[in-house]
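Structural features, examined
Residues per chain, in single letters:
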There are 2 protein chains.
Amino acid sequence: MKLKVKDMDIATGGTLIAIINKKDAERLDLHHEDRIAVSYKNKKTTVVIDIGESKKAVIPGHIGLFEEVLSRLKVKNNNIVNIDFEDKPASIGYIRKKLDGIKLTKDEIEQIIRDLINNNLSAIETTYFISAVYTKGFDMEETTNLTKAMVEFGDKLNLDRKIVLDKHSSGGVPGNRTTMIIVPIIAAAGFAIPKTSSRAISSPSGTADTMEVLAPVSLPVHRMKEVVNKTNACIVWGGAMNLAAADDKMIKIRHPLSLDPRGMLLASIMAKKTAVNSTHVLIDLPIGKSTKFKSRGDAKRLGKDFKRLGKKLGMKVNVILTDGSQPIGNGIGPALEARDVLYVLTNDIKAPLDLKDKALMMAAKMLKMAGVFNAYDKAKEILESGKAYSKMKEIIKEQGGNPDVKPDDIEIGKYVHEFRSEKEGMIRSIDNKTIAKITRIAGAPTDKGAGVFLHKHAGEIVNVGDIILTIYSESPQKMKYAKRILKESDGVEIR
Amino acid sequence: MKLKVKDMDIATGGTLIAIINKKDAERLDLHHEDRIAVSYKNKKTTVVIDIGESKKAVIPGHIGLFEEVLSRLKVKNNNIVNIDFEDKPASIGYIRKKLDGIKLTKDEIEQIIRDLINNNLSAIETTYFISAVYTKGFDMEETTNLTKAMVEFGDKLNLDRKIVLDKHSSGGVPGNRTTMIIVPIIAAAGFAIPKTSSRAISSPSGTADTMEVLAPVSLPVHRMKEVVNKTNACIVWGGAMNLAAADDKMIKIRHPLSLDPRGMLLASIMAKKTAVNSTHVLIDLPIGKSTKFKSRGDAKRLGKDFKRLGKKLGMKVNVILTDGSQPIGNGIGPALEARDVLYVLTNDIKAPLDLKDKALMMAAKMLKMAGVFNAYDKAKEILESGKAYSKMKEIIKEQGGNPDVKPDDIEIGKYVHEFRSEKEGMIRSIDNKTIAKITRIAGAPTDKGAGVFLHKHAGEIVNVGDIILTIYSESPQKMKYAKRILKESDGVEIR
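One structure accompanies this document, and this report is about it. Model, not experiment: these values are computed from the prediction.

About the criteria used
Residues numbered from 1 in each chain as written. Chains lettered and ligands numbered in written order. Predicted model: local features only at pLDDT ≥ 70, side-chain atom pairs only at ≥ 80, totals over all residues. Heavy atoms only, no water. 1 Å grid on protein atoms, 1.4 Å probe; cavity = no way out; pocket = protein on both sides within 12 Å on 5 of 7 lines; lining within 4 Å. Points joined across faces, edges and corners; volume = space filled by probe spheres on them. Helix = DSSP H or I, 4+ residues; strand = E, 2+ residues; numbered from the N terminus. Nonpolar A, V, L, I, M, F, W, Y, C, P; charged D, E, K, R; others polar. Least-squares fit on C-alpha atoms with pLDDT ≥ 70 in both. Contact = heavy atoms within 4.5 Å. Patch = residues over 30% accessible without salt bridge, like charges linked within 9 Å, V, L, I, M, F, W, Y side chains within 5 Å. Areas by Shrake-Rupley, 256 points an atom, 1.4 Å probe, with all protein chains shown as cover. Salt bridge = Lys/Arg side-chain N within 4 Å of Asp/Glu carboxyl O. Lys, Arg positive; Asp, Glu negative; His and termini not counted. Charge placed at Lys NZ, Arg CZ, Asp CG, Glu CD. Axes fitted to C-alpha atoms, helices over the stretch in contact; angles between N-to-C directions. Parallel < 35°, antiparallel > 145°, perpendicular 65-115°, else oblique. Left-handed = near helix turned anticlockwise from the far one by under 90°.

Some points on the layout of surface pockets
Residues and elements named next belong to chain B. Here the second largest pocket is characterised by a volume of approximately 320 Å³. In this structure, the second largest pocket is lined by 18 residues; those nearest its centre are Phe-419, Glu-422, Ser-489, Val-492 and Ile-494. For the lining of the second largest pocket, the elements supplying multiple residues, two or more each, are β13 (415-420), α17 (432-441), β17 (467-473), α18 (476-488) and β18 (492-494). Classifying every residue of the lining of the second largest pocket gives eight nonpolar, four polar and six charged.

Quick look at the structure:
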């Protein structure tokens, strides 16, 4: 069949879609999300059908194409393209199978991930996959296969080391930037730690966002490898590796219902560890009202799964449950967090002790996993002697940053709002989610200098007029909204 | 926040969507499918966020709006609109609850249907709802509440009759147009039967499409009521009643994976019966390779659920399992089927006996449910005496058609292709799906005259050169494709 191209003048950024009029759909026996092959001269591509009900979308005899399809076929408005029926991808059958509660094979899981990465699955189809894994679950074998599929269709580091250390925090705790202290300690101790970190998803700053204050983090795999070969370590954004493709697509679909299917969560994290050849991994699961774990029981169960999955992947995994009841460190937001990290590494008097203690404890556990004796003393010595700081400067330099930056040189947002206590009493709690929200609205993570500085923490006494926290922003408009969020919230409880 | 309108120049026809640039989304802490309120002067509406990754969609500082939103807010390209955060609809929480396997209350189900009808749920969110009902199931109470919610948010007939008869066939059998024979028999016997039928979904012609050959079927509720008050009956398209709104949206999302969650299937059918005040309903479940039921067991289980749901809704339901192994009647496609129906009603020698027998059997069962003695003889007498035909003429007239149309006056497609047997033997099977596909590709149901006429049925002997079937089409192009489908298929098995 022939149809005339209508240039929709938009890019969809995902699945390749074509819009046809309802009349043509009926005529051609095509339904919503059916596949057709669109060809023009010697080019051909498969697209998913979206049916326009009104003429305002696409008139009969026409086919609405988006940027990606137009450029792939090299067609323009009013060109005549040929269309042909195409079967749905095999994945659709496998997704349906999982919805029916039937275990998927290695090949089937691989095909789903392949189709997902190649944009062959629509949002609705991907939603069915998420639902299937959420409601019917993936057993350990399926989770292992999902992890391996994600690794297979992504980049790999191929590091030639016998021991590769790694860590992961399940998140939800603002300011939890232990990675940037642990990595230089481990590297200074002589072990490889090619760390990939995430950017902020729902948090105000991810480790990648904070590290970016000090050095570029969007390194391609070959550059990442160079940095690790020279310094034993790196702190880069995992998203720059192609690995995240399948994961990103799934996270986007999981968001509207905030679904965390166990198998996907495990696979998503462990695929990244596998891709960088990690042999020993420490998993930090913070427990608290605003984190992913309201109770130790939930965290323990997930911890066990991490260990089992690690075993299947040939990795040694240890799990720690930590206190996630309030933010860690004083600064929240990329620049403020980077400053805290440098205070700790330089043994500055302004260093937040909670951040230092947690990082030391974790670094020690990791060194112990790698066979180091007196690991805690060793980690402490490396940090307090300045060896960790020297290592961090090396890493910053190799990643392309300025190794000589001083914590107090880091620029913080110039619009400032001090929030003072209106009563006397003890701070009972500081809510992670509220602090995160204020920081984001103030501009983080895009505006590096935006954030919140906590002068007080839970358990401390405040008097009337004491500053509890300071909001920093780079824009008066954003500051206005951040202040509004602060005013409307009850994120700091004083009694 | 203020954003500048970009007119996307498309209508989406469903959920209200706005596209914003990734940078703005990050800045405003907005994620895919979050809600915002968009206001302009004194108008305001809630939209779902779609995030454009590239500038080709929408540049930062702009908001891409579709036809529905533009007209609702009365805004134009480059107008400045105000945007504000909105919470997700409460339904999202209920959908998540069902995904977690928790039973939904009456209020929760009502809210989901209300949001669905009001376009407050996105395709992804609706997909999660379908998945939840599919994987976790709806028990009889939930199914009853879903049915009632669908009735509540749709039109109702409010007929003042003590007994209202109705029927339903689960489909998958081309040519199964018993309704158009049963309805006039029942009505001539003095009972009310306000029949709403569907148009073709995946079949080549629905009863509504076939009836439309004889009379208009898109009657609003008040006209439908008039027709029933005058003639005891009607045969109209259910989709003209607003009832189908929620159902249509769900069917669209169910299509990509061809999911038929039990609770939705039951509710969808029984809501329509409730809306027209049916008291006695006969359900026909055809069993066969290409129907919804491969086995009697499956059909029996569903039949039981129909009866239980009927009881909850105060309706008497009987169920019959019938032979759905091959098409019924000779003609497939709107005009050809209408002709078959008139042949039966006028006791013409060309009447297909399988269609007549099935319709008589069903009409008798329905009359018996209503308390008629010797129901089969009664039904037969009504049909063969011509009383059913007179009643059909009344119905056609009241619906606005020409009551005097003769079967041989009905126009059939002028492009004709005869398919002859290349061998001698017995026809083992005629595949429903193949015949349906050929009929659709030939132009049905849009082209009323398109279709397939079966000269032979399963079990009949054919010789070399005998015509097995004839394809009719209104367009040479469509005939070409239909012939191709016939050639590529093995829909008629001769051995």
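This is not the end of the story, as more comes after the structure.
Quick notes on the relation of the copies chain A and chain B
Note on the copies: chain A fits chain B at an RMSD of 0.1 Å, the axial shift is 0.0 Å, and the rotation between them is 180°. Taken together, the turn and the small shift mark the pair as related by a two-fold rotation axis. When the interface residues of chain A are mapped onto chain B, 100% of them again fall at the interface, so both copies present the same face.

Description of a positive patch on the surface
Residues and elements named next belong to chain A. Taken together, the side chains of Arg-296, Lys-300, Lys-304, Lys-307, Lys-311 and Lys-316 present a region of like positive charge at the surface. With five residues, helix α12 (residues 296-312) is the single largest residue contributor to the positive patch. The residue Lys-300 is located in helix α12 in this model.

Overview of empty space enclosed by the protein
All chains considered together, the criterion is met by one cavity of 30 Å³ or more. The volume enclosed by the largest cavity comes to roughly 70 Å³. Residue lining of the largest cavity: Ile441(A), Gln477(A), Lys478(A), Tyr481(A), Met1(B), Arg27(B), Leu28(B) and Phe85(B), and that is the complete set. It is helix α18 (residues 476-488) of chain A that contributes the most residues to the lining of the largest cavity, three residues altogether. Considering only residue class, the lining of the largest cavity consists of five nonpolar, one polar and two charged.

Describing the packing of helix α3 (residues 90-99) of chain A against helix α5 (residues 123-136) of chain A
Residues and elements named next belong to chain A. At a minimum axis separation of 8 Å, α3 and α5 run at an interaxial angle of 30°. Taken together, α3 and α5 sit at an angle that is classed as roughly parallel. The handedness of the crossing between α3 and α5 comes out as left-handed. Here α3 contributes Ile-92, Ile-95, Lys-98 and Leu-99 to the contact with α5, which in turn contributes Glu-125, Tyr-128, Phe-129, Ser-131, Ala-132, Val-133 and Lys-136.

Some points on the environment of Val276(A)
Residue and element names in this part refer to chain A. Within the secondary structure layout, Val-276 lies in the loop between α11 (262-275) and β10 (280-287). Separated by 205 residues in sequence, Val-276 and Tyr-481 have C-alpha atoms that sit 41 Å apart. If we ignore the near neighbours within four places in the chain, the residues touching Val-276 are Leu-157, Val-164, Asp-166, Pro-194, Thr-196, Met-224 and Met-241.

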